[in-house]
Structures are given as C-alpha cells and as structure tokens.
Amino acid sequence: MRKRIVAGNWKMNKTYEEALSLVSEIDNMVKDEVNGEVTVIVAPPFPFLQSVGKLTQGNDLMYLAAQNVSEHESGAYTGEVSASMLKSVGVQYVIIGHSERRMYHHEDAQTLYKKLKAAIAQGMTPIFCCGEPLEERDADRHFDYVGKQLHDSLSYLSNEEFDKVVVAYEPIWAIGTGRTASSQQAQEMHAYIREQLSRMFDAEAAFNCSILYGGSCNPGNARELFSQPDVDGGLIGGASLKSRDFTDIIKSF
Ligand code: PEP
C-alpha cells in the first residue's frame, strides 16, 4: 500500500532547546488534530536526533529521519555518521541525495547508491531526492534529467531493496524560493517518475512507492498538490520549522 507521508527537513536550523520545543509542539498538534492516515516524519540535525526521537516515539503517527548518512560502514571518516549509528539511536528514515548535498558536498550518483544500500541494510527507509535545476526545465530537458538521476542511483537496487525506498521530487528552482511547481507540473513529473520506476522494478513496487513533492510547499498550496493522483505527500523545508504551518500541511490530505 502506498503511504501518505509528510516529512519536515529542518536542515541546519534550530538550537537544542528550539528543536525540543518545535517537536513537542508538532507532537501535541498531531495528536490532537491529525487522523491516522498520514505518516509524519521529522528530520532534525544530527545532534538532536536522540532527544527529538524520544518525543516521536511516544506518538504512533510520528517517525524520525536523519538528513544524511555516510556511505561507509565505520572507520576513519572524520565527521561522518554511519547507518548503524543512526539505527542505534532510533532513526527510521534517511534523506539521501538532497539537492543541497549534491550541490555543496558534490555527492554523485554512485555515492548516493552506496548511501541507499547502507541505509537499507540497516532496515531504514531512504527518502531519495531528485529534481532538476531551472535551466534544465527551461530547456525542456527536465524529464530526461530526473530520469537519469533515478536510473543512475536506484537502478542497481534489487526489487526487495527498492521496496523500502520513498522518492521525493524536488525541483531545485522551487526549493526555498517561494516558487512552487504547479499541481499539473508536479503530477506530470510524478507520473513520469512512477513510470520510470516501473521499468526498473516490478510494476507493483513502482505503484506502491510513495512519491513526495518538495519545493516551497505551504499550507496554502499543499491541498492542491496533494490532491494529484501521483503526489503521495510532501518533503517540507521552510514551512516545517513552524509547528502550525507544518501541521496544517499534514492536515491538507
Ligand atoms: C527542501 O529543501 O527539501 C524543501 C522542500 O525546502 P522548502 O520547502 O523550503 O522549499
């Protein structure tokens, strides 16, 4: 069954105290206002994972994600965090291939494939991000660009491994810009992604894969985006830092 998911990527924001207040506000609002049909995920910075996780564990609807994972198992990789470390503090989801990591940390397709394998091997669910820059869309090459991103990192996974994967389509021109893809643009890309997945994996797995939209999603546009047949939820940046906005987005289903 395809899951409906709203995930908040806090990026490099919040102090420890602020992170705990934010998650407890979200926790209370979700308990009071959200029915059981949406999986809610929060992705705080690494140092806060364990403490934030203590609160998400008390709520049946909420799950904990990391924003990144090392492709290596363990050893002399200063500053890196392994999948087994994340697993050991209760992390259930991992964002992999966010455009900011591809851009600022030069993460390439092979590295992302290794990160996917590392997360899956520890029983965590990767949220694999893809999405084109503005010049690719303007040149009408966005489908090919995203298709290649999917192929270059995902196609080496087995059907069983792919069963665990969530995909997030995040057009780079919409991230943090206030410019959202229209619901039609989102739907046509999500349908394309699902079709590509059905060529790489079995059709049922592609049908059941949750494909999230990300890019300036907010309480004003979430309902329209989430009403599209192939949009199974959202990966939310800026609006996930405000408990009211984040909860209203969750309630848009
Ligand atoms: C993101 O970076 O994943 C994102 C969707 O950011 P924003 O919602 O701020 O555009």
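Cut-offs used in this document
- Within each chain, residue numbers correspond to sequence positions counted from 1 in written order.
- Predicted model: local features are reported for residues with pLDDT of at least 70 only, side-chain atom pairs are reported and counted for 80 or more only, and whole-chain, interface and lining totals are derived from all residues.
- Water and hydrogen atoms play no part in the side-chain values, which are based on all heavy atoms of the structure.
- A helix here means a DSSP run of H or I that spans at least four residues, while a strand means a run of E at least two residues long, and both kinds are numbered starting from the N terminus.
- Multiplying one less than the number of residues by 1.5 Å gives the expected span of a helix.
- For the exposure calls, accessible area comes from a 1.4 Å probe over protein chains only, and a residue counts as buried if that area is under 20% of its type's maximum, exposed if over 50%, partly exposed in between.
- In this description, the arc belongs to the directions extending from the helix axis to the C-beta atoms.
- Nonpolar side chains (Val, Leu, Ile, Met, Phe, Trp, Tyr) are joined into patches within 5 Å and like charges within 9 Å, using only residues with over 30% relative accessible area and no salt bridge.
- Accessible surface is estimated by sampling points in the Shrake-Rupley manner with a 1.4 Å probe; for residues, cover comes only from the protein chains shown.
- Just to be clear on terms, a salt bridge is a Lys or Arg side-chain nitrogen sitting within 4 Å of an Asp or Glu carboxyl oxygen.
- In this tally, Asp and Glu contribute negative charge and Lys and Arg positive charge; neither His nor the terminal groups of the chain are included.
- Note on charges: their place is set at NZ of Lys, CZ of Arg, CG of Asp or CD of Glu.
- Note on aromatic contacts: the rings of Phe and Tyr and the six-membered ring of Trp form a pair at centre separations within 6.5 Å, being stacked when their planes are under 30 degrees apart, edge-to-face when over 60 apart, and tilted otherwise.
- Throughout, near means a residue has at least one heavy atom within 4 Å of the molecule or strand.
- Side-chain atoms alone can form a polar contact between residues adjacent in sequence; in general such a contact is a pair of N or O atoms within 3.5 Å, and within protein one must be able to donate a hydrogen while the other accepts it.
- We call Asp, Glu, Lys and Arg charged. Ala, Val, Leu, Ile, Met, Phe, Trp, Tyr, Cys and Pro are nonpolar, and the rest, Gly among them, are polar.
- In this description, contact between two residues means that some pair of their heavy atoms is separated by no more than 4.5 Å.
- Strand pairing follows a simple DSSP-based rule, namely that at least 2 bridges must link the two strands.
- Note on geometry: axes are C-alpha line fits, over the in-contact stretch for helices, and angles between N-to-C directions span 0 to 180 degrees.

1. As for helix 7 (residues 142-154)
Next up, step 1: With 13 residues, helix 7 ought to run about 18 Å at 1.5 Å a step, and its terminal C-alpha atoms sit 18 Å apart, in line with that.
Next up, step 2: Within helix 7 the residues assigned to the buried category are H142, V146, G147, Q149, L150, S153 and L154. End-on, the buried residues of helix 7 take up no more than an arc of 155 degrees, which puts them together on one face. Opposite the packed face of helix 7, turned more than 90 degrees from it, sit the exposed residues D144 and K148.

2. A closer look at a negative patch on the surface
Next up, step 1: Judged by side-chain charge, E160, D163, D202 and E204 come together as a negatively charged surface patch.
Next up, step 2: By secondary structure assignment, the location of E160 is in helix 8 (residues 159-162).
Next up, step 3: A residue is classified by how much of its surface remains accessible, and E160, at 59% relative accessible area, is exposed.

3. As for the packing of aromatic side chains
Next up, step 1: Throughout the structure, instances matching the rule amount to 7 aromatic pairs.
Next up, step 2: Between the aromatic rings of Y16 and F48, the centroid separation amounts to 5.9 Å while the plane-to-plane angle is 55 degrees, which identifies the pairing as tilted. You can see Y16 sitting in helix 1 (residues 16-33) and its partner F48 sitting in the loop between strand 2 (39-43) and helix 2 (49-56), a full 32 residues away along the chain.
Next up, step 3: For F48, a relative accessible area of 12% gives the class buried.

4. Observations regarding the site of the ligand
Next up, step 1: As a structural note, the neighbourhood of the ligand is formed by 15 residues, with K11, H98, E170, G176 and S216 the closest of them.
Next up, step 2: Interatomic distance of 2.7 Å between a backbone N/O atom of G176 and an oxygen atom of the ligand.
Next up, step 3: One of the backbone N or O atoms of S216 is found 2.7 Å from an oxygen atom in the ligand.
Next up, step 4: Taken together, the residues of the shell around the ligand sort by class into 4 nonpolar, 8 polar and 3 charged.

5. Here we look at the side chain of S243
Next up, step 1: On the secondary structure map, S243 appears in helix 12 (residues 243-250).
Next up, step 2: Exposure remark for S243: the relative accessible area of 7% places this residue in the buried category.
Next up, step 3: When near neighbours in sequence (up to four residues on either side) are disregarded, S243 contacts L22, E25, I26 and M29.

6. A few points about the environment of L64
Next up, step 1: Considering the arrangement of structural elements, one finds L64 in strand 3 (residues 62-66).
Next up, step 2: Separated by 71 residues in sequence, L64 and E135 have C-alpha atoms that sit 34 Å apart.
Next up, step 3: Sequence-distant contacts of L64, that is, excluding residues within four places in its chain, are made with I41, V42, P44, L49, V52, G53, T56, V89, G90, V91, Q92 and Y93.

7. Overview of unusual backbone geometry
Next up, step 1: Unlike most non-glycine residues, H106 shows phi in positive territory, near 55 degrees.
Next up, step 2: By secondary structure assignment, the location of H106 is in the loop between helix 4 (99-104) and helix 5 (109-121).
Next up, step 3: The class for H106 is exposed, based on a relative accessible area of 65%.
Next up, step 4: Although it is not a glycine, D140 sits at a positive phi angle of roughly 60 degrees.
Next up, step 5: The residue D140 is located in the loop between helix 6 (134-138) and helix 7 in this model.
Next up, step 6: By relative accessible area, D140 is classed as exposed at 60%.

8. Some thoughts on the environment of Q149
Next up, step 1: Summarising the element assignment, Q149 is placed in helix 7.
Next up, step 2: Q149 has contacts with R102, F128, C130 and G131, leaving out every residue within four places of it along the chain.

9. Observations regarding the sheet that holds strand 8 (residues 233-236)
Next up, step 1: Pairing is parallel around the closed barrel formed by 8 strands, whose spatial order is 1-2-3-4-5-6-7-8. The mean angle between the axes of side-by-side strands here comes to 25 degrees, regardless of whether they run parallel or antiparallel.
Next up, step 2: As paired elements, strand 2 and strand 3 share 3 bridges and run parallel to each other. Each bridged residue has a counterpart across the sheet, and for V40 the counterpart in strand 3 is M62.

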